[in-house]
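Summary of the model geometry
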Amino acid sequence: MTVKRVGVIGAGTMGNGIAQTCTAAGLSVTMVDISKDALDRALVTIGVNLDRLVKKEKLSTQDKEAILGRITVATELSAVADVDVAIEAATENTALKLKLLRELDGLLGPDAILVTNTSSISITMLAAAVNRSEKFIGMHFFNPVPVMALVELIRGLQTSDETHQGMEALARQIGKTPITVRNNPGFAVNRILCPMINEAIFVLAEGIATAADIDEGMKLGCNHPIGPLALADMIGLDTLLAVLEVFYEGFNDSKYRPAPLLKEMVAAGYLGRKSGRGFYQY
């Protein structure tokens, strides 16, 4: 299939990153969010990201303007009715995703592919809620989207080979390296990553080491580019908690239980970078 027009639903961190990545590859993007303020912030964020590339001489001013010119924004889902691919990038909330996906299913043309950017929710379950289940797939982008090279492609039981091949080609078209994983709580990368971060929170709560020393230890001892607690702050502690709760419920295994300190910090509103405070102050 040939993809020229992409709809991105959600203008948050993941949504605006996906929009920037697609437009930088020459695609036309319509970004939708119920909040006009969120859309305005998203365009500012994309502009700042592109300015950084211009300053580093990796992008010309003309290219920057061309990229921004390929993005349109809207507050109504109907704006994406004619896209080739619609990528849902709302917050990690099952009820919200189901609502959006059902609405999109009714709006899109018969040949359009419907994609979710979920990091943990069952693709098979989400696909069962729409009529185009064979044209439904998970594309899990990683934050920050314009920088991270990986995309996990997650097939539900219903996903057709044609849909999988088309989205594998799209991932490469926008400069990403796709890996294909089986539908399972957390898929592949988060299945490994999130329990590791959770264990780091247990280590902190038990007073074994400070947050700074835990992160320094993992950077220098395991060659990680960022420590697990700083990474948790970047991901968002509420998002991390939501993923771990999906694991805990999906596997019925106590090894995935969220650290009590994580739950307490989310209850306090200490969500990481986006709230100004997490394991570190911002």
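Keep in mind that this is a model prediction, so the values were computed, not measured.

Looking only at helices and strands, one finds 11 helices and 8 strands in the protein. For the protein, the C-alpha radius of gyration of 19 Å lies close to 19 Å, the compact-globule estimate for 282 residues. Projecting the C-alpha coordinates of the protein onto the three principal axes gives extents of approximately 55 × 45 × 30 Å. Within the protein, buried positions represent 47% of all 282 residues. Across the protein, contacts joining residues at least 24 apart in sequence account for 65% of those joining residues at least 6 apart. Total accessible area on the protein stands at roughly 13400 Å², and carbon and sulfur atoms take up 53% of it. Side chains of the protein carry 27 positive and 31 negative charges; the gap between the two charge centres is 3 Å.

Another point: the packing of aromatic side chains. For any pair of aromatic rings, geometry is given as the distance between the ring centres together with the angle between the planes. In the structure shown here, the tally under the stated rule is 3 aromatic pairs. A ring pair is formed by Phe-247 and Phe-251, whose centres lie 6.3 Å apart and whose planes are at 70 degrees; its orientation type is edge-to-face. In this pair, Phe-247 and Phe-251 both sit in helix 10 (residues 237-251), 4 residues apart, roughly one turn of the helix. In this structure Phe-251 comes out as partly exposed when scored by relative accessible area, which is 24%. Chaining the aromatic ring pairs together yields one cluster made of Phe-247, Phe-251 and Tyr-256. Over the face of the ring belonging to Tyr-270 we find Arg-277, whose NZ or CZ atom lies 4.0 Å from the ring centre.

What follows is about the environment of Ala-19. Relative to the helices and strands, Ala-19 is located in helix 1 (residues 13-24). Since its relative accessible area comes to 0%, Ala-19 is described here as buried. Through-space distance from the C-alpha of Ala-19 to that of Gly-207 is 42 Å; in sequence the pair is 188 residues apart. For Ala-19, the residues in contact, after removing those within four places along its chain, are Val-8, Val-29, Met-31 and Ile-46.

With that out of the way, let us pick up the UniProt feature "domain: 3-hydroxyacyl-CoA dehydrogenase C-terminal" (unreviewed entry) in the protein. In the numbering used here, UniProt assigns the "domain: 3-hydroxyacyl-CoA dehydrogenase C-terminal" (unreviewed entry) feature to residues 186-282. The distance separating the terminal C-alpha atoms of residues 186-282 is 28 Å; by composition the span is 63% helix and 0% strand.

Looking now at the domain arrangement of the protein. Many structure descriptions define interface size as the accessible area lost when the parts assemble. We note that the domain assignment places domain 1 (5-182) and domain 2 (190-274) within the protein. On a C-alpha basis, the centroid separation for the pair domain 1 and domain 2 is 26 Å. Counting residues at the interface gives 5 residues for domain 1 and 5 residues for domain 2. On the surface where domain 1 and domain 2 come into contact, there are 0 salt bridges. Between the two partners, domain 1 and domain 2, sit 1 residue pair in polar contact (both at pLDDT 80 or more). Looking at side-chain class alone, the side of domain 1 that touches domain 2 contains no nonpolar, 4 polar and 1 charged residues.

Put simply, Asn-143 and Pro-144 share a cis peptide bond, and its omega is 0 degrees. Relative to the helices and strands, Pro-144 resides in the loop between strand 6 (136-141) and strand 7 (150-155). One non-glycine residue, Phe-187, lies in the positive phi region at around 60 degrees. Within the secondary structure, Phe-187 sits in the loop between strand 8 (177-182) and helix 7 (189-205). Phi at Asn-252 is positive, roughly 50 degrees, even though this residue is not glycine. Checked against the element boundaries, Asn-252 lands in the loop between helix 10 and helix 11 (260-268). Here Asn-252 falls in the exposed class, since its relative accessible area comes to 67%.

Taking 1.5 Å of rise per residue, the 17 residues of helix 7 would be expected to cover 24 Å, and the 25 Å separating its terminal C-alpha atoms lies within 8% of that figure. Every buried residue of helix 7 is listed here: Asn-190, Cys-194, Ile-197, Asn-198, Ala-200, Ile-201 and Phe-202. Buried-residue contacts for helix 7 involve strand 6, helix 8 (211-222), helix 9 (228-235), helix 10 and helix 11. Remark: Gly-207 follows helix 7 within two positions and exhibits a positive phi of approximately 75 degrees.

Each value, and the rule that gives it
- Residues numbered from 1 in each chain as written.
- Predicted model: local features only at pLDDT ≥ 70, side-chain atom pairs only at ≥ 80, totals over all residues.
- Heavy atoms only, no water.
- Helix = DSSP H or I, 4+ residues; strand = E, 2+ residues; numbered from the N terminus.
- Rg over C-alpha atoms; globule rule 2.2 N^0.38 Å.
- Buried < 20%, exposed > 50% of the residue type's maximum accessible area, 1.4 Å probe, protein only.
- Contact = heavy atoms within 4.5 Å.
- Areas by Shrake-Rupley, 256 points an atom, 1.4 Å probe, with all protein chains shown as cover.
- Lys, Arg positive; Asp, Glu negative; His and termini not counted.
- Charge placed at Lys NZ, Arg CZ, Asp CG, Glu CD.
- Phe/Tyr/Trp six-rings, centres within 6.5 Å; stacked < 30°, edge-to-face > 60°.
- Lys NZ or Arg CZ within 6 Å of the ring centre and 35° of its normal.
- UniProt positions renumbered as here; feature names shortened; annotations may be inferred.
- Domains from an automatic or database assignment.
- Salt bridge = Lys/Arg side-chain N within 4 Å of Asp/Glu carboxyl O.
- Polar contact = N/O pair within 3.5 Å; in protein donor to acceptor, adjacent residues only side chain to side chain.
- Nonpolar A, V, L, I, M, F, W, Y, C, P; charged D, E, K, R; others polar.
- Expected span 1.5 Å × (residues − 1).

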